[in-house]
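# Examination of the molecular architecture
The primary structure of each chain is shown beneath.
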Amino acid sequence: MSLVRAKKHLGQHFLTDKNIAQKIVEGLRPDLGYSDVLEVGPGMGVLTDFLVKKEAYKTHLIDIDGESIEYLHKKYPELQARIIHGDFLAMDFSKVFNSQFAIIGNFPYNISSQIIFKIIENRNLVPEMVGMFQKEVGERVAAKPGGKEYGILSVLTQAYYKIEYLFTVKPGVFNPPPKVNSGVIRLTRKENTDLGCNEKLFFQVVKAAFNQRRKQLRNALSQFQPKGKIDETTLELRAEKLSVEDFIHLTKLLEKKD
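All values derive from a computational prediction rather than experimental measurement.

### Some remarks on unusual backbone geometry
Cis peptide bonds are those with omega within 30 degrees of zero, and the linkage from N175 to P176 qualifies with -10 degrees. Mapping P176 onto the fold places it in the loop between β8 (174–175) and β9 (182–189). Here the phi dihedral of Q225 falls at roughly 50 degrees; this positive angle occurs in a residue that is not glycine. The class of Q225 is exposed, set by a relative accessible area of 55%.

### A closer look at the pattern of salt bridges
Under the definition given, this model contains 13 salt bridges. A salt bridge links K54 to E26; the shortest N-O distance between them is 2.7 Å. Of this pair, K54 sits in the loop between α2 (48–51) and β3 (58–63) while E26 sits in the loop between α1 (18–25) and β2 (36–40); the two residues are 28 residues apart in sequence, bridging distant segments of the chain. Classification of K54 by relative accessible area gives partly exposed; the value is 28%. Under the relative-accessibility criterion, E26 is labelled partly exposed at 43%. A salt bridge links K75 to D49, with the shortest nitrogen-to-oxygen separation between them at 3.4 Å. Placement of K75 in helix α3 (residues 66–75) and of D49 in helix α2 is noted, with a sequence separation of 26 residues between them. For D49, a relative accessible area of 19% gives the class buried. Each of the salt bridges in this network shares a partner with another, and the network as a whole consists of R5, K7, D65 and E67.

### Focus on the UniProt feature "binding site: S-adenosyl-L-methionine" (unreviewed entry) in the protein chain
UniProt records the feature "binding site: S-adenosyl-L-methionine" (unreviewed entry) for H13, L15, G41, D63, D87 and N106 in the present numbering. In this fold, D63 is placed in strand β3. For D63, a relative accessible area of 5% translates into the label buried. Apart from the residues lying within four places of it in its own chain, the contact partners of D63 are Q12, G41, P42, G43, S68, I69, I84, H85 and G86. Polar contacts involving the side chain of D63 include one to the main-chain amide nitrogen of G43, which spans 3.2 Å. Counting through the fold element by element, D87 comes out in the loop between β4 (83–85) and β5 (102–106). Look at D87 and you get partly exposed, because its relative accessible area is 35%. Once you skip the residues sitting within four places of it in the chain, D87 turns out to touch I62 and I64.

Definitions and cut-offs
Residues numbered from 1 in each chain as written. Predicted model: local features only at pLDDT ≥ 70, side-chain atom pairs only at ≥ 80, totals over all residues. Heavy atoms only, no water. Helix = DSSP H or I, 4+ residues; strand = E, 2+ residues; numbered from the N terminus. Buried < 20%, exposed > 50% of the residue type's maximum accessible area, 1.4 Å probe, protein only. Salt bridge = Lys/Arg side-chain N within 4 Å of Asp/Glu carboxyl O. UniProt positions renumbered as here; feature names shortened; annotations may be inferred. Contact = heavy atoms within 4.5 Å. Polar contact = N/O pair within 3.5 Å; in protein donor to acceptor, adjacent residues only side chain to side chain.

Right under this line is the structure:
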């Protein structure tokens, strides 16, 4: 089989180190109650080689690259019915899975945040994700309040998932090598994902607060008319100082009628 060409417009950097691939796959914990795993962007199957050896779950693949799909069909004839040619971001999970499933992948850097948000939107179906992102993105997802890395991605992910930064991967084990380090993270869905507030409003509040992160909350959240509902000390803070619990509390206050 001829090798698949990495395509810049798809953000492809194929992992070549089998030890790291195995380490990523071993990050999955099917004891959480799922029997299916979806690999996103398998490329030439360096992760897939280890996934298909596992008897605890069935492996499914999705790739937007037609060349990769052709290669994967030849390499894994036993997976024919579970190889999907399509866009993960546009995928309707309910048409493929009728129960919980995990997500794994060496994810394209250019859609990293969109992948995380897709998982959050489908949190009821996805109890776990193990994936490799640009190191900076992995650090942003796992960031704690107070730093410049802490932002919308941090708060919305941590509202529903426990985040673990597992390990860093150097550029030299990819073809072509990226210009930055990569980071592997694991998301484990929290037992209770009910925030106890209006979740649509919660998303709006978090995004508004960080979209003007240099401004105090009184200004960043002015569209929600917070005056009189939120104490002055809190209104003087900036978004990066608030924990997930603080944002939930803030949302509950803003829900109250005048």
